[in-house]
Amino acid sequence: MSILRGRAWVFGNNVDTDQILPGYAMAEEVANLPKFAMAGSSVPDFAAKVQEGDIIIAGKNFGCGSSREQAPVALKGAGVGLVIAGSFARIFRRNAINIGLPVLVAETAGHIQSGDIIEANLETGEIILKDAVLKGKPLSANTLETIRAGGLINRVRQELGVN
Amino acid sequence: MNFIERYLAKAAGLDSVQPGQDIRCKVDLTMAHDVTAPMAVEQFEQIGVSRVFDRNKIVFVIDHIFPAATVQARNAYWKMKDFAAKYGIVFYEKGEGVCHQLLAERHRLQPGQILIGADSHTCTAGAYGAIGIGVGSTELAAAMATGTIDLEVPEVMQIYVTGKPAAFVCGKDVILTLIKRFGTDGLTDKAVVFTGPGIQTLSDEDRMTICNMGIEAGAMIACFGGSELEAEVAETVPLALETLVPVVACPHSPANVKPASELEDIAVTQVVVGSCTNGRLGDFKRVVDVLKFHKVHPDVNLLLIPASKTILGEMEKLGWCEILRNAGAVITNPGCGPCFGAHQGLAAERDTVLSTTNRNFLGRMGHRNAKIYLASPATAAETAVRGVITAPGTLPAGGKEA
Ligand code: SF4
């Protein structure tokens, strides 16, 4: 669970929530959201090409803009297994973790190309490439617990003893 | 500890906290609106508890699309209505105003209170010393069930304020100037606090405008403290209010800020004064002061959107609505209006909008090619009269433009 492996898709800085999930897709049912994943980005056909477990790599301030939780929901639904970025906008990062989509903070500029197969350890923050190991920021114990539970709702259910 | 840490420690039931520490805090108030509440309701139902943590501490507001502009918006209303009826929570459903304004007007915000809102501008509450934190729908649903939230204690960036702003410099100019300085992610995950003798010259309304846009620099919390310097903070930046000038954020970023005086040949087709950022009485006073003597330019729509029914009522009592309408302005019902591009004044490809709202991202108010400039109500008022971006104080008061 804490080691994830997948194919990389590389994006730039300031990928805002409109690029991740354009405003016009907000009217869609939750089940349809994955079809619009990254539709406003530099890879508009991302949703058609992404495979289960793929990893998004980005620069700074990923997920800036609105607090729409539908943005990480669309990525997760499309199969994205992890997002690695230089930094995240706070609300996006929390939304992603809360719905069970892991995110890792790491500087990867110039080290990873789209299509590379990479491996990331959420506990240590290490990112293992073919010929290098990058050091990211390990997830906090609290965040790991939420990810392991499969998201905040499951975690709250466990903590409240609801079943 | 600084005051943010003291507030958070108290809410967590701890003697002390430090930056980076994970804590679980009690929440004093939670809020969601017609865009974020429907998903929060679904997530709450997934949890499967039979009651909310405290029905008096959960506030739902219909403000983003009221009256409903689409069937979907009306369905959001029904989802919230059913939830409100089932759990007995507080529900503003008749266009009472924008969520952040209603929290300030009707829920007596207090220093140190923990307020969780499913809206990124929840930080507005920091004008009253409250800790307002914007979250997504799932986190709000969890807080509605448990009455707690897990937080990481933020580093504190202190803005130490001195002096007094010049006559036409507004709270909006203060915060836009700071966003330019820090950039749109310069305060990510941090708390920004305002202290120093200069804060005494800023009204509650100015403080709301300033805290409101803290999120535009990525801040987790924006909050006013006292006149004294806080010692134990990560960083302190001095701000001398008398050095500020009226500024405008140019397309397509709130950090793309320039002095209004450098933008004077740019023609506008629509001017918007309103929103949770600048839709209060003092903001409309700036507009009335100008429209008492001047008419809105024939090529400009001037849309005025009061942030609450209470504010609109005051405007009526003062006789302002008549003055504003006679000068050519349109006053809409209280709410979010066209701020996030859902209804009541969208911009087309050919439009250039000058707005007192908080975001000028690509496509925020309609078409992607529409240009959006952000400025204070004082700048907006004179711009609406001249039809080109105008630094406030340009028009003669008490007479017609030559
Ligand atoms: S007025 Fe604008 S920024 Fe404020 S809550 Fe409404 S849509 Fe959001």
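A brief look at the structure comes next. Here the structure is a predicted model, which is why all the values come from computation and not from measurement.

Brief notes about the overall build of chain B
Here comes step 1: A count of helical and extended segments in chain B gives 12 helices and 18 strands.
Here comes step 2: Relative to the compact-globule value of 21 Å for 402 residues, chain B shows a C-alpha radius of gyration of 21 Å, a close match.
Here comes step 3: Out of the 402 residues in chain B, the part that is buried amounts to 60%.
Here comes step 4: For chain B, contacts bridging at least 24 residues in sequence account for 76% of all contacts bridging at least 6.
Here comes step 5: Measuring between centres, the 36 positive side-chain charges of chain B sit 5 Å from its 43 negative side-chain charges.

Focus: the sheet that holds strand β6 (residues 131–134) of chain B
All names here are of chain B.
Here comes step 1: Ordered in space as β4-β3-β2-β5-β6, the five strands form an open sheet in which the pairing is parallel. Of all the strands in the sheet, just β4 (90–92) and β6 have a single pairing partner and so form its edges. Ignoring which end each strand starts from, the neighbouring axes of this sheet average 20 degrees apart.
Here comes step 2: In the sheet, strand β2 (residues 29–33) pairs with strand β5 (residues 114–117) via three bridges, with the strands oriented parallel. Residue pairing in the sheet places Met31 in a bridge with Gly117 of β5.
Here comes step 3: Helix-sheet contacts for helix α4 (residues 99–106) involve β2, β3 (58–61), β4 and β5, and the interaxial angle to β2 is about 145 degrees.
Here comes step 4: Across the sheet, helix α5 (residues 137–146) lies against β2, β3 and β5, angled at about 140 degrees from β2, the strand it touches most.

Concerning the pattern of salt bridges
Residue and element names in this part refer to chain B.
Here comes step 1: Scanning the model with the defined rule gives 21 salt bridges over all chains in all.
Here comes step 2: Close ionic contact of Arg24 with Asp150 constitutes a salt bridge, the shortest N to O distance being 2.6 Å. Note that Arg24 is positioned in strand β1 (residues 22–26) and Asp150 in strand β7 (residues 148–152), a separation of 126 residues in sequence.
Here comes step 3: Linking Lys94 and Glu93 is a salt bridge whose minimum nitrogen-to-oxygen distance equals 3.8 Å.
Here comes step 4: Since its relative accessible area comes to 56%, Lys94 is described here as exposed.

Observations concerning the site of the ligand
Here comes step 1: The immediate surroundings of the ligand are formed by His64(B), Val98(B), His100(B), Asp119(B), His121(B), Ser275(B), Cys276(B), Cys336(B), Cys339(B), Phe340(B), Asn358(B) and Arg364(B).
Here comes step 2: Looking at side-chain class alone, the shell around the ligand contains five nonpolar, five polar and two charged residues.

Parameters at a glance
- Residues numbered from 1 in each chain as written.
- Chains lettered and ligands numbered in written order.
- Predicted model: local features only at pLDDT ≥ 70, side-chain atom pairs only at ≥ 80, totals over all residues.
- Heavy atoms only, no water.
- Helix = DSSP H or I, 4+ residues; strand = E, 2+ residues; numbered from the N terminus.
- Rg over C-alpha atoms; globule rule 2.2 N^0.38 Å.
- Buried < 20%, exposed > 50% of the residue type's maximum accessible area, 1.4 Å probe, protein only.
- Contact = heavy atoms within 4.5 Å.
- Lys, Arg positive; Asp, Glu negative; His and termini not counted.
- Charge placed at Lys NZ, Arg CZ, Asp CG, Glu CD.
- Pairing = 2+ DSSP bridges.
- Axes fitted to C-alpha atoms, helices over the stretch in contact; angles between N-to-C directions.
- Salt bridge = Lys/Arg side-chain N within 4 Å of Asp/Glu carboxyl O.
- Near = heavy atom within 4 Å.
- Nonpolar A, V, L, I, M, F, W, Y, C, P; charged D, E, K, R; others polar.

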